[in-house]
Amino acid sequence: MPTKKHEVLVNQEEYLLGEKSSLIKHEYVDGVIYAMAGASENHNRISINLLSEIRTHLKDGPCEPFMADMKVKTANQFFYPDVMVTCEEDNTDPYYKEKPIIIVEVLSKTTRRMDETTKRFAYMNIPSLQEYVLVDQDFVDVEVCRKKEGWIPRHYYLGDTVPLMSIGLELL
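Structural notes, computed from the coordinates.

About the cut-offs
Residues numbered from 1 in each chain as written. Predicted model: local features only at pLDDT ≥ 70, side-chain atom pairs only at ≥ 80, totals over all residues. Heavy atoms only, no water. Pairing = 2+ DSSP bridges. Helix = DSSP H or I, 4+ residues; strand = E, 2+ residues; numbered from the N terminus. Axes fitted to C-alpha atoms, helices over the stretch in contact; angles between N-to-C directions. Buried < 20%, exposed > 50% of the residue type's maximum accessible area, 1.4 Å probe, protein only. Contact = heavy atoms within 4.5 Å. Disulfide = S-S within 2.5 Å. Salt bridge = Lys/Arg side-chain N within 4 Å of Asp/Glu carboxyl O.

Details of the sheet that holds strand β11 (residues 142–146)
Pairing within the open sheet is mixed, and its 6 strands lie in the order β4-β7-β9-β10-β11-β12. For this open sheet the edge positions go to β4 (64–67) and β12 (153–156), each flanked by a neighbour on one side alone. The average undirected angle you get between the axes of adjacent strands in this sheet is 15°. Relative to β12, β11 runs antiparallel, the two sharing 4 bridges. When the bridges of β12 are listed, Val144 appears paired with Arg154.

Quick look at the structure:
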């Protein structure tokens, strides 16, 4: 889980300004800033593989994938998803997106609780979001939650095909 940087509440403008000059990334949850830890090799491999598959699939289309350094804004929160895709005009600010259709988080021991609780509930409230995907980096388990299925999780394991319906992609 990210570690708290400040006990004092800061506003969104202060947070965004600070992120532009910071050497490390921070997430912002209702006025509290959390420093982000680095990711493992396996976490990076999974994220890069997912981004590569998604990018290749979306090439020459209207949708665009983003990875780890692009923030997503949800109400009074900013997070750095491992992978996300936007399809409609979303240029409010070049440093964050507000209209993703799919968000993917790669789970680790330190991020699991935040990804499965705080982020899940925040992401589910993004009107444009159609799918939230959680990929475990320590064993083969991909959890996909879809808006049209009431956000009920479906799990996929080794040998399963994982359908990402929001972007029309099946991962093997």
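Okay, back to it.
So, the side chain of Thr86
Its place among the elements puts Thr86 in strand β7 (residues 83–86). On the basis of relative accessible area, Thr86 is assigned to the buried category, the value being 5%. Not counting residues within four places of it along the chain, the set of residues in contact with Thr86 comprises Pro62, Cys63, Glu64, Phe66, Lys97, Lys99 and Pro100.

Here's the deal with the pairing of strand β10 (residues 131–136)
By the criterion of burial, β10 is predominantly enclosed, with 6 of the 6 residues buried. Side chains of β10 alternate between two faces, with Glu131, Val133 and Val135 and Tyr132, Leu134 and Asp136 buried alike. Strand direction decides the pairing type here: strand β9 (residues 100–107) and β10, joined by 6 bridges, are parallel. The residue of β10 that forms the bridge with Ile102 is Glu131.

Section: the state of the cysteines
Tallied over the full model, the rule gives 1 disulfide. In this model Cys63 forms its disulfide with Cys87; the gap between the sulfur atoms is 1.9 Å. Disulfide Cys63-Cys87: the torsion about the S-S bond is 105°, which places it as right-handed. Here the residue Cys63 occupies a position in the loop between α2 (41–58) and β4, and Cys87 occupies one in the loop between β7 and β8 (96–97), the gap between them amounting to 24 residues. According to the relative accessible area criterion, Cys63 is buried, its value standing at 18%. Free of any disulfide, Cys145 has its nearest neighbouring cysteine sulfur in Cys87, separated by 19 Å.

Some remarks on the pattern of salt bridges
Two side chains with opposite charge may pair up if their charged atoms get near one another. All told, the structure shown has 12 salt bridges when counted by the stated rule. A salt bridge links Arg45 to Glu41; the shortest N-O distance between them is 3.6 Å. Of this pair, Arg45 and Glu41 both sit in helix α2, 4 residues apart, which is roughly one turn of the helix. Note on Glu41: relative accessible area 60%, which makes it exposed. A salt bridge links Glu88 to Lys99; the shortest N-O distance between them is 3.7 Å. Within this pair, whereas Glu88 is found in the loop between β7 and β8, its partner Lys99 is found in the loop between β8 and β9, the two being separated by 11 residues in sequence. Judged by its relative accessible area of 32%, Lys99 is partly exposed.

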